[in-house]
Amino acid sequence: MNTTVRLTERSGSTSSQRSKGFVPVVVYGAGSDSQSFTADAKTLNEILGKNPRAILKVELPGSGFKNVVIQEVQRQPLSRKLLHVDLHQIDMKAELDTKVAFHFIGDPVGVKSGGIQQVELYELDIRTLPDKLTATFEVDISGLDIGDQLLVSDLPKHEGWEVLTPEDTLIVRIAPPVTLEEPADTETDAPAAAEASEGDKTEE
């Protein structure tokens, strides 16, 4: 994803910058000190929507262009408005630790039979060179039946990736369908209760 983001020096309060459509950004890593800037919120939102793990080229005031990845994003819980973004400056020739999101493909046979798909892990921790990064990791789960599960150890090998997530970590499973217990037949017990009540009155 070849995207260039222009960063500007911070000026004024954070709230005033956000009201103008900018979001606070911190750039760090690659042996450089952390630097604070602002960036166009609309541009960052578009990037996050397409590929949140993309390698970006940012233009730093007075420092030229740098390669970065989006390291952390903060949003307002209810409105999901972008509040802050951390950008990690990278060396294209050095490995980095990052995450890649799973993209499940195929309809599990177990789900077609009434089972319930339960996803336990959405991202995989990996170590790789920047040019080996992908937007998502496609995983075919069409063969999973009721009672089956997929562990990290079951994943196909991806060239250039060192998987950091423990191999016994559960990714997805197909649970049996939920069966509802039938309510007790209260009508059958009602006459017996009534007869017992009548008996008590007779003894009196």
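Residues numbered from 1 in each chain as written. Predicted model: local features only at pLDDT ≥ 70, side-chain atom pairs only at ≥ 80, totals over all residues. Heavy atoms only, no water.

Draft legend 1. Here's a closer look at the overall build of the protein. Counting its secondary structure elements, the protein contains four helices and 14 strands. For the protein, the residues scored as buried account for 30% of the 204 residues in total. Restricting the contact set of the protein to residue pairs at least 6 apart, pairs at least 24 apart contribute 63%. By element, 48% of the accessible surface of the protein is carried by carbon and sulfur atoms, the whole surface being about 12,800 Å². (Helix = DSSP H or I, 4+ residues; strand = E, 2+ residues; numbered from the N terminus. Buried < 20%, exposed > 50% of the residue type's maximum accessible area, 1.4 Å probe, protein only. Contact = heavy atoms within 4.5 Å. Areas by Shrake-Rupley, 256 points an atom, 1.4 Å probe, with all protein chains shown as cover.)

Draft legend 2. Local environment of the sheet that holds strand β11 (residues 136-140). The mixed open sheet is built from four strands, whose spatial order is β11-β8-β10-β13. Edge positions in the open sheet fall to β11 and β13 (162-163), since each of these has one partner strand only. Relative to strand β10 (residues 123-128), strand β8 (residues 96-105) is paired through six bridges, and the arrangement is antiparallel. The partner of V100 across the bridge, within β10, is L124. (Pairing = 2+ DSSP bridges.)

Draft legend 3. Main features of the packing of aromatic side chains. In total, this model carries three aromatic pairs according to the counting rule given. One aromatic cluster is present, formed by F102, F104, F137 and W161 through successive ring pairs. (Phe/Tyr/Trp six-rings, centres within 6.5 Å; stacked < 30°, edge-to-face > 60°.)

Draft legend 4. Looking closely at the pairing of strand β4 (residues 32-40). In this sheet, β4 lies alongside strand β2 (residues 8-9) in antiparallel orientation, the contact comprising two bridges. Following the sheet pairing, T8 is matched in β4 by T38. Direction of pairing for strand β3 (residues 22-29) relative to β4: antiparallel, over a ladder of seven bridges. Its bridge partner lying in β4, F22 is registered against D40.

Draft legend 5. Examining the side chain of T38 more closely. Within the element layout of this structure, T38 appears in strand β4. Once residues lying within four places of it in the same chain are set aside, the contact partners of T38 are R6, L7, T8, E9, R10, Q17, F22, V23, P24 and V25.

Draft legend 6. Seen up close, the nonpolar core. Counting 21 residues, the largest nonpolar core has F102, L124, F137, V139, L150, L155 and I171 as its most contacted members. In terms of nonpolar packing, the next biggest core, distinct from the first, is built from 20 residues, A41, L60, V68 and L87 among them. (Core = buried A, V, L, I, M, F, W, Y, C linked by side-chain atoms within 4.5 Å.)

Draft legend 7. Region of the structure containing the side chain of T98. With respect to the helices and strands, the residue T98 is situated in strand β8. Setting aside its immediate chain neighbours within four residues, T98 contacts R53, L124, D125, I126 and L133.

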